[in-house]
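Geometric and topological summary
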Amino acid sequence: AAVNDMEKKLAEYKCDTNEAVCLKLVRFPEDIDDESTTFHPEYSHQLFGDDEVAFGYKGLQIQLYCSAGNLSTLFKVKYTARVTDKFDCVEPDDVEGKIREIIPAGFYCNTDDFISVLEKEANFKPFGSLQHTYKVHNVEAGEDLTYQIHKVDISCPGFREYHERLQTFLMWFIETASYIEVDDDRWDFFLLFEKYKKDGETLYATVGYMTVYNYYVYPDKTRPRVSQMLILPPFQGEGHGAQLLETVHKYYCSSPKVQDITAEDPSENYVKLRDFVLVKLCLSLQSFSSEKLSQGFSDEMVSEAREKLKINKKHARRVYEILRLRNTDMSDEEKAREFRLEVKKRLYGPYRKNQRELAKIQKCLRPEELASQVNQMDTRLQHEELEKSYQDVLVDYRRVLERLAQA
């Protein structure tokens, strides 16, 4: 009973770190105490373990408030109670130490000092060269807000320190995030800012960013690979990711040295975003016209997509299927069947590869081992999996087309 009582007591001192970490992008001093401007991490396991729990505190609040432009940081740890010696020498987690591991030096612990820094935000200007400006209508503000995308490299004065502050957000919003070695001059950075007014002055708020690494391709080309992309939570769902990715594609398309553009370990959300952007870009290509789509996937599509938009064959094929669906009357059974067979033929590729591999190893397997392998590749099961894959693809493609219709 005593043990159970102790466990219950200790459980009271466990805090969900995704709730405990409070993030803000502060434009005005009044934002500091405004709960509506607070947002929380999607992930905190990289600092606090798989359970995403901090032990030793009640009412734990880890405040990481950043000035909207320069990302100057206010860091505070608050709690209503903390474990003491009467809990049999159980130590509380070193929450402050864990946070200090990921945020660069130069942060503030005093609110008044942080407010004095806010007054200097008018001095902050976006780094690098302006690539694209666009507007988004904000219903809440009742006006069009202006956004700018800038391209920068690590040699830009002041950018290194700014980037150190910016990349801390990765730990909270990308599941397998890691910091990059910025000294490598093959890195390109694309920054997204909102342009806004305060007391008659023009200021800039950080919205998101993308990092791209330029790999060498023999003999004289490069392959830009998107490494990290993040739109900060207060700005998500407003179309900024598509604007950023499209701008990056257009930037590299202008270079004859670029072979194609890829992504490193893309997330499901990134693939959906890329589908939308690439389909939108390919609408301007002659080889993807309605007439050509009805004739099937072609070498012409592959070469035009690569030459004009730096899209590789795999992604060009996906674009073709999405646009083919757009041009197909799926209520017509014959046309729907043609489309289904076209997609399934591509999806069947991995199964066909497995069968070839099975044929190779048949000679060196005992009968019982061979039976086991054959059972794993049961034909009926293959058909079921293939149908499920097709239906999943159809859902994804229709979502892209819905977004395209609204663009």
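Please read these numbers as outputs of a predicted model, since none were measured by experiment.

1. Some words on the overall build of the protein chain
Each helix and strand counted, the protein chain has 16 helices and 13 strands in total. Seen along its three principal axes, the alpha-carbon backbone of the protein chain occupies a region of about 70 × 65 × 45 Å. Counting across all 407 residues of the protein chain, residues that qualify as buried make up 45%. At a minimum sequence separation of 6, the contacts of the protein chain that also span at least 24 residues come to 66%. Accessible surface computed for the protein chain: about 22100 Å², of which carbon and sulfur atoms make up 46%.

2. Focus: helix H13 (residues 333-347)
Between its first and last C-alpha, H13 extends 21 Å over 15 residues, near the 21 Å set by a 1.5 Å rise per residue. Residues Ala 336, Phe 339, Val 343, Lys 344 and Leu 347 constitute the buried set of H13. The arc that holds every buried residue of H13, seen down its axis, measures 130°, which confines them to one face. Two or three places before Glu 334, at the start of H13, stands the capping residue Asp 332, its side-chain oxygen 3.0 Å from that residue's backbone nitrogen.

3. Side note on the side chain of Asn 312
By secondary structure assignment, the location of Asn 312 is in the loop between helix H11 (299-309) and helix H12 (313-326). Of the polar contacts made by the side chain of Asn 312, one reaches the backbone nitrogen of Lys 314; its length is 3.3 Å. If we skip the residues at most four places from it in the chain, Asn 312 touches Asp 260 and Thr 262.

4. Here's the deal with the side chain of Thr 168
Turning to its location among the elements, Thr 168 is positioned in helix H7 (residues 168-173). A relative accessible area of 8% means that Thr 168 is categorised as buried. When near neighbours in sequence (up to four residues on either side) are disregarded, Thr 168 contacts Ile 102, Ile 103, Pro 104 and Tyr 179.

5. Structural notes on the UniProt feature "site: Interaction with histone H4 N-terminus" (unreviewed entry) in the protein chain
According to UniProt, the "site: Interaction with histone H4 N-terminus" (unreviewed entry) feature falls on Trp 187. Position of Trp 187 among the secondary structure elements: in strand S10 (residues 187-198).

6. Some points on the UniProt feature "domain: Histone acetyltransferase type B catalytic subunit C-terminal" (unreviewed entry) in the protein chain
Mapped onto the present numbering, the UniProt feature "domain: Histone acetyltransferase type B catalytic subunit C-terminal" (unreviewed entry) falls at residues 274-325. Secondary structure content for residues 274-325 is 71% helix and 0% strand, and the end C-alpha separation is 17 Å.

7. A short note on the nonpolar core
If you look at the biggest cluster of nonpolar residues, it comprises 100 residues, and the most contacted ones within it are Ile 99, Tyr 162, Phe 169, Trp 172, Leu 191, Met 210 and Phe 288. The contact partners of Phe 288, leaving out residues within four places of it in the chain, are Cys 282, Leu 293, Met 301, Ala 305, Ala 316, Val 319, Tyr 320 and Leu 323. Judged by nonpolar contacts, the second largest core, of seven residues, contains Cys 22, Ile 32, Phe 114 and Leu 118.

What counts and how
- Residues numbered from 1 in each chain as written.
- Predicted model: local features only at pLDDT ≥ 70, side-chain atom pairs only at ≥ 80, totals over all residues.
- Heavy atoms only, no water.
- Helix = DSSP H or I, 4+ residues; strand = E, 2+ residues; numbered from the N terminus.
- Buried < 20%, exposed > 50% of the residue type's maximum accessible area, 1.4 Å probe, protein only.
- Contact = heavy atoms within 4.5 Å.
- Areas by Shrake-Rupley, 256 points an atom, 1.4 Å probe, with all protein chains shown as cover.
- Expected span 1.5 Å × (residues − 1).
- Arc of directions from axis to C-beta.
- Polar contact = N/O pair within 3.5 Å; in protein donor to acceptor, adjacent residues only side chain to side chain.
- UniProt positions renumbered as here; feature names shortened; annotations may be inferred.
- Core = buried A, V, L, I, M, F, W, Y, C linked by side-chain atoms within 4.5 Å.

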